[in-house]
Amino acid sequence: MTETAPENHVQFRFRDDAQVSDPAVTVDAFLGQTNAAAVRIEPGDDARQLLPHLDRIALVEVNFPAFTDGRGYSAARLLREEGYQGELRAVGDVLIDQLSHMKRCGFDAFAPDAPLNEEDAQAAFNRWPEVYQSAADDRQPIWALRHKG
Amino acid sequence: MYQYDQYDQAMVDARVAEFRDQCRRRLEGHLTEDQFKPLRLMNGLYLQLHAYMLRVAVPYGTLNSRQMHMLADIADKYDRGYGHFTTRQNIQYNWIKLEDAADILADLSKVEMHAIQTSGNCIRNISSDHFSGAAADEVIDPRPYAELMRQWSSFHPEFSYLPRKFKFCVIASEKDRAAMRLHDIGIRILKNEKGEVGARFHVGGGMGRTPMISPVIRDFVPVDQLITYAEACLRVYNRYGRRDNKYKARIKILVHELGKEEYTRQVEEEFQHLLDQGVEPPYAELERIKAYFADPAFEEGLSDDLDLSDPDFALWVKTNTNPHKQAGYVSAVISLKPVGGIPGDATAEQMHLIADLAKDYSFDELRVMHTQNIGLPHVKKADLYAIWQKLDAAGLGTANLDQIGDMIACPGLDYCSLANARSIPVAQKISQRFDKNGKSAALGELKLKISGCINACGHHHAGHIGILGVDRKGKENYQLSFGGSEGEDTSLAKITGPGFDEDGVVDAVDKATDVYLRERQDGERFLDTYRRIGMAPFKEALYD
C-alpha cells in the first residue's frame, strides 16, 4: 500500500523558491503524522482540515481526476484566503482551457497528466485583459479599476 | 439600458478570441470532443438532432433596436431566417454550422451581445421581470442588481465547473412574472421597514425531473453584501453539490438533502468568512450601473384616455398591455403565439419590424419575455393604435396574452436531442382547436405549458395546465397535469392520470376547460377553480 501519490512533472511554475520535491501524502495520512510537508487534496476532501497546519506545509497538490470536477477551485481559493503561502499545484486532468481560472484561484504550479502545448498554454494564461471578480490572485477587478482614485 | 465601457467590450472580445482558438484546436485535433464540449456549451453552442444550436444571451431580457436588428441579420445570414425566443429571455438559432459560430459571436460583440454561459455547468444568463423599470407595481428596477451579478458571474474562476447548471432570477415586485421561485437562486429586491434596499434569497428551486419550489434562506441581505452572499451560496454548492449522479446534481437536491437549515448554516458560515475577503464591489459600482437604467425622458401630464372604438384594437389593448408606472404610458406585448404558429418563433422580417417599433415608440427598448413574447416597455397610450395597426398587418397582433393560445412550449423532438416527444404539433393543435371553438376569451387567464421530455424546458410543472410528452413503447404519449403556477402563488402541477395520444390530449384539454366553465365562480381563473374543487370533477370528465 502506498500513501504517496504518483509524481507528476511540473510544467508551469510561477514561484521563485525551489520546487518542493517531497512526495505528497493523502489528507488522512497528513493529519495522522506530524512531519509531512506536502499533501494532496482529492475532490472529496475538505481543504479546511489543513488550516491548523498551514505553517508547516510547503506544497499542496490539488488533484483533478476529471477537468469537469470543479471542487479543486474552491479548495485552492479558500486555502489562499486562509493565508496559505506555499506552493499550490494543480495535478491530474489539467488542460489548456482551465489554466487561467486555476491561476486566479491561487494555483501557482501546474503538473498536467499530459504535457500541454507551450504556446497555447501561454496564450491561455494571458487570455484575459482584465477580470471581473476579486479572487486569490493579485489582479485588480474591473470594478476596482473603474473606481480608482 | 446598460452600455459596455472599454472593459466590458475587451472582455467580450477576449471571449470571442478564446472561442475561435478553441475551435481551431478542436479542428486540428488538439482537443477531443469530450474536452471541447463543455467549452462550446459555455459559449451557447449545443449539438442538436439536425445541426448545432446557438443560444444567445439577452441579459435580463433587455435589448435595443440595434441589437434586435443584429439578431435578425444573424437569422438571415447564418440560419434559416428565423429565431426562437426562450423562457429564460434568450434567443436560439437552430441551424448553425460549427465553422460559423465564432463569426456569429464576433458579430454579436459589435452590438454588445454575446452567448457567454448560456449553457454548461456554470452560472447562466440572469433573468428578470420583463416589465422591469416600467411596471406600476415594482419597488425598484431590479436590472442594475442583475447587471452587477452578470459581471460577477461572467468567467467566474471558481464557479465555471459546477456540479450542474445554475440559474439566477432577480425580481423586485411582489408579483412574480419570471418564475423566480423555480430558479436555483431566486432573488427578490425589496425594502425593509427602514426603507433600506436588500435582497431576499430563495435557494434550491427548479423544474426538471424533480421539481421544487425554493425556500427562503435569508429574508434580507443588505445590498452592499449581495455579491458576497451569492458567492457563499455558490461555494457551498460547488464543494458539496452531488457529482455522482447528473440527475441529483442541481442545488435543489443539496438543499433538500441537507435540509434548508443546515444549508443555510453552512452558507452563513462561509458568508462570515467571505465578508473579510473583499469580494464585494463598492457601492459606487452599483450606482454607476444604476445610472444606465435611469428612466427615459417620459412626457409629463399625458392623458390615460384611449379611443377604443375599434373593437379589435380594444381587445388587443385589454389583453396585451400592462400598467405602467408613468401616467399616459403602458407596456405593450407583441405576441409570438399566432394561431397555429410555433410558440416563441420570430422571422427576421418580424424582428426588424419589432426593432423599428421600439425605436419609434418605446425609447429604443425591447424586452424578451419569460412567456416567449416580446415587450415594448414604454409606450405612450396615444401611440398604441398606430403600433397595433403595424403589428396586425405583420401578423403580430394576436390578442392572447396569458390566455390558452399564449402557451409555452419547448422545441421538443422536432429539434432537441433530449426530447422524447414533439411539443410543437401539440401546441399548434391546441391553439387551432381553441381558435375554432372560440372559448379562449371566455376562459381568460389560462397558462398552458408543454415539455417534450422530463427536463421540463416547457415548464409543464408550472402550468395551470401542463403537458409532458413521454415515449411509451416507441409511441409519443402525453401526460396531463393541472394546478401549477409560476407566479407569486407558485405551485407544482399534479398529474391527472393515464396519458393520451396527440389528438387525445387536445380533446382532454378541451374537456377540462368545459369542467372549469361549468364549475367556476365569479372571478375565478381555471387555476382557482381547480384549487377549490380539486382533481375529481376533472378526472370524471377525462376518464369516464
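Think of each chain on its own: its residues are numbered from 1, step by step along the sequence as written. Chain labels run from A onward and ligand labels from 1 onward, assigned in the order the entries are written. Restriction of local features to residues with pLDDT of at least 70 applies here, the model being predicted, together with a cutoff of 80 or more for giving and counting side-chain atom pairs; totals for whole chains, interfaces and linings are based on all residues. Side-chain measures were taken over the full set of non-hydrogen atoms in the model, leaving aside hydrogen atoms and water.

A. Quick peek at the interface of chain B and chain A. Across the contact, 49 residues belong to chain B and 36 residues belong to chain A. For the pair chain B and chain A, the summed buried area comes to about 3,800 Å², and 55% of that belongs to carbon and sulfur atoms. Salt bridge, as used here, is a side-chain nitrogen of Lys or Arg placed within 4 Å of a carboxyl oxygen of Asp or Glu. At the junction of chain B and chain A, the tally comes to 12 salt bridges. Notably, a salt bridge pairs E231 of chain B with R77 of chain A, separated by 2.5 Å at the nearest N-O pair. The helix and strand labels rest on DSSP assignments: H or I over at least four residues marks a helix, E over at least two residues marks a strand, and numbering proceeds from the N terminus. Elements represented by at least two residues in the side of chain B that touches chain A include exactly α1 (6–27), α2 (33–41), α5 (143–153), α6 (226–240), α8 (260–274) and α9 (283–292) of chain B. If one sorts the elements of the side of chain B that touches chain A by residue count, α1 of chain B sits on top with 12 residues. The residue makeup of the side of chain B that touches chain A, split by class, is 20 nonpolar, 11 polar and 18 charged. In what follows, residue pairs with any heavy atoms lying within 4.5 Å of each other are defined as contacts. Buried area is understood as the total, over both parts, of accessible area removed when two parts are fitted together, assessed with a 1.4 Å probe. Residue classes follow a fixed rule: Ala, Val, Leu, Ile, Met, Phe, Trp, Tyr, Cys and Pro count as nonpolar, while Asp, Glu, Lys and Arg count as charged, and any other residue, Gly among them, counts as polar.

B. Main features of the confidence of the model for chain A. When pLDDT is averaged across chain A, the result is 93; 95% of the residues are at 70 or more. In the predicted structure, residues 1–5 of chain A sits below a pLDDT of 50 and forms 10 contacts with residues beyond four places in sequence or in another chain. Known as pLDDT, the predictor's per-residue confidence is scaled from 0 to 100.

C. Up close: the UniProt feature "domain: Nitrite/sulphite reductase 4Fe-4S" (unreviewed entry) in chain B. Residues and elements named next belong to chain B. UniProt positions are given in the numbering used here, feature names are shortened, and annotations may be inferred rather than shown by experiment. Following the UniProt record, one finds the feature "domain: Nitrite/sulphite reductase 4Fe-4S" (unreviewed entry) at residues 119–273 and 404–542. For residues 119–273, helix accounts for 31% and strand for 17%, while the C-alpha atoms at its two ends are 30 Å apart. For residues 404–542, the helix share is 36%, the strand share is 17%, and the end-to-end C-alpha distance is 18 Å.

D. Structural context of α2 of chain B. The complete set of buried residues in α2 of chain B reads Q35, F36, P38, L39, R40 and L41 of chain B. Here the buried face of α2 of chain B lies against α1, β1 (45–47), β2 (52–56) and α4 (98–109) of chain B. Burial status follows relative accessibility: with a 1.4 Å probe on protein chains alone, a residue under 20% of its type maximum counts as buried, one over 50% as exposed, and anything between as partly exposed.

E. Representation of the sheet that holds strand β4 (residues 82–85) of chain B. Residue and element names in this part refer to chain B. Any two strands between which DSSP finds at least two bridges are classified as paired. The 5 strands lie next to each other as β1-β2-β5-β4-β13, forming an open sheet whose pairing is antiparallel. Every interior strand has two partners, whereas the edge strands, β1 and β13 (345–347), have only one. In this sheet, adjacent strand axes meet at a mean angle of 30° when their direction is disregarded. Pairing of β4 with β13 involves 3 bridges; the strand directions are antiparallel. Residue pairing in the sheet places G83 in a bridge with A346 of β13. Only the stretch in contact is used when fitting a helix axis, every axis being a line fitted to C-alpha atoms; angles between N-to-C directions are given from 0 to 180 degrees. Sitting on the sheet, helix α3 (residues 65–78) is in contact with β2, β4 and β5 (91–96), with an inclination near 15° to β5.

F. Spatial organisation of the domain arrangement of chain B. Residue and element names in this part refer to chain B. The source of the domain bounds is an automatic or database domain assignment. One can read the domain layout of chain B as domain 1 (6–109), domain 2 (142–290), domain 3 (311–393) and domain 4 (408–543). For domain 2 and domain 3, the distance between their C-alpha centres works out to 32 Å. Note on domain 2 versus domain 3: buried area summed over both sides is about 280 Å², and carbon and sulfur give 42% of it. Counting across the domain 2 and domain 3 interface gives 1 salt bridge. Note that R143 and E365 form a salt bridge whose closest N and O atoms lie 3.1 Å from each other. Polar contact criterion, stated in full: a pair of N or O atoms within 3.5 Å, where within protein one must be able to donate a hydrogen and the other to accept it, and residues adjacent in sequence count only if both atoms are side-chain atoms. Connecting domain 2 to domain 3 are 1 residue pair in polar contact (both at pLDDT 80 or more).

G. Region of interest: the packing of aromatic side chains. Pairing of aromatic side chains here covers Phe, Tyr and the six-membered ring of Trp, requires ring centres within 6.5 Å, and sorts the geometry by plane angle: under 30 degrees stacked, over 60 edge-to-face, intermediate tilted. Counting across every chain of the model gives 34 aromatic pairs over all chains. Ring centres of F67 of chain A and Y161 of chain B lie 6.2 Å apart, and the angle between their planes is 70°; this geometry places the pair in the edge-to-face category. Of this pair, F67 of chain A sits in the loop between β4 (59–64) and α2 (71–81) while Y161 of chain B is found in the loop between α5 and β7 (168–171), placing the two residues in two different chains. Considered together, F67 of chain A and Y161 of chain B belong to a single accessibility category, that of buried residues. Ring geometry for Y73 of chain A versus Y161 of chain B: centroids 5.9 Å apart, planes at 15°, classification stacked. You can see Y73 of chain A sitting in helix α2 and its partner Y161 of chain B sitting in the loop between α5 and β7, one on each of two chains. Neither Y73 of chain A nor Y161 of chain B differs from the other in exposure class; each is buried. Following the ring pairs from residue to residue traces out a cluster consisting of F12, F14, F64, F67, Y73, F107, F110 and F125 of chain A together with Y161 of chain B. Residue placement shows R80 of chain B over the ring face of W95 of chain B; its charged tip is 3.6 Å from the ring centre. Whether a charge lies above a ring is judged from NZ of Lys or CZ of Arg, which has to be within 6 Å of the ring centre and within 35 degrees of the ring normal.

H. Seen up close, the nonpolar core. Only buried residues count toward a nonpolar core. Its members are Ala, Val, Leu, Ile, Met, Phe, Trp, Tyr and Cys residues joined through side-chain atoms within 4.5 Å. In this structure, V60 of chain A together with M68 and L71 of chain B are the most contacted members of the largest nonpolar core, which totals 97 residues. Per-domain counts for this core show at least three residues from each of domain 1 (6–109) and domain 3 (311–393) of chain B. Excluding residues within four positions of it along the chain, V60 of chain A makes contact with V39, I41, L50, L79, Y84, E87, L88 and R89 of chain A. Among the nonpolar cores identified, the runner-up in size contains 56 residues, and F166, L254, V267 and F271 of chain B belong to it.

I. Quick look at helix α10 (residues 311–320) of chain B. Buried within α10 of chain B we find F313, W316, V317, T319 and N320 of chain B. Where α10 of chain B begins, one side-chain oxygen reaches toward the backbone nitrogen of D312 of chain B, 3.0 Å away; that side chain belongs to D310 of chain B.

J. Expanded view of the packing of α2 of chain A against α6 of chain B. Between α2 of chain A and α6 of chain B, the least distance of the axes is 8 Å, while the angle of their chain directions is 125°. One element, α2 of chain A, and the other, α6 of chain B, form an angle in the oblique class. Handedness of the crossing formed by α2 of chain A with α6 of chain B: left-handed. Of the residues in α6 of chain B, those in contact with R71, S74, R77, L78 and E81 of chain A of α2 of chain A are E231, R235, N238 and R239 of chain B. Classifying every residue of the contact of α2 of chain A with α6 of chain B gives 1 nonpolar, 2 polar and 6 charged. Throughout this description, any angle smaller than 35 degrees is read as roughly parallel, any larger than 145 degrees as roughly antiparallel, any in the 65 to 115 degree range as roughly perpendicular, and the remainder as oblique. Two helices that cross are described as forming a left-handed crossing if the nearer one is turned anticlockwise from the farther one by less than a right angle, and a right-handed crossing if clockwise.

K. Molecular detail of the packing of α5 of chain B against α6 of chain B. Residues and elements named next belong to chain B. Taken N-terminus to C-terminus, the directions of α5 and α6 make an angle of 50°; their axes are 11 Å apart at the nearest point. When the axis of α5 is compared with that of α6, the two are oblique. Crossing of α5 over α6 shows right-handed handedness. Residues Y145, L148, M149 and W152 of α5 touch α6, and the partners they reach there are L226, I227, A230, E231 and L234. Here the residues of the contact of α5 with α6 sort into 8 nonpolar, no polar and 1 charged.

L. Quick peek at the side chain of Q326 of chain B. All names here are of chain B. Considering the arrangement of structural elements, one finds Q326 in the loop between β11 (321–323) and β12 (329–334). Side-chain polar atoms of Q326 contact the side chain of E300, separated by 3.5 Å. Those residues in contact with Q326 that sit more than four places away from it in its chain are F298, E299 and E300.

M. Layout of the environment of Y2 of chain B. Position of Y2 of chain B relative to the elements: it lies in the segment before α1. On the accessibility criterion, Y2 of chain B (8% relative accessible area) is buried. The residues touching Y2 of chain B, leaving out its near neighbours within four places in the chain, are R146 of chain A together with D8, Y60, E112, E147, R150, Q151, R288, I289, Y292 and F293 of chain B. Within polar-contact distance, the side chain of Y2 of chain B engages the side chain of D8 of chain B at 2.6 Å. A polar contact of 2.9 Å, which involves the side chain of Y2 of chain B, links it to the side chain of Q151 of chain B.

N. Quick peek at the pattern of salt bridges. The full count for this structure, using the stated rule, is 71 salt bridges over all chains. When the shortest N-O distance is used, the salt bridge between D184 of chain B and R250 of chain B registers 2.9 Å. Placement of D184 of chain B in the loop between β7 and β8 (185–191) and of R250 of chain B in the loop between α6 and α7 (251–258) is noted, with a sequence separation of 66 residues between them. Summarising the burial analysis for this pair, D184 of chain B and R250 of chain B share the class buried. E299 of chain B serves as the salt-bridge partner of K380 of chain B, at 2.7 Å between the closest nitrogen and oxygen. A residue pair is termed long-range when its members are at least 10 positions apart, and K380 of chain B in strand β15 (residues 374–380) and E299 of chain B in the loop between α9 and α10 qualify at 81 residues. Residue classification places K380 of chain B among the partly exposed residues on the basis of a relative accessible area of 23%. When salt bridges with common partners are traced through the structure, they connect R13, R15, D17, R40, E61, R80, E87, R89 and D108 of chain A into a single cluster.

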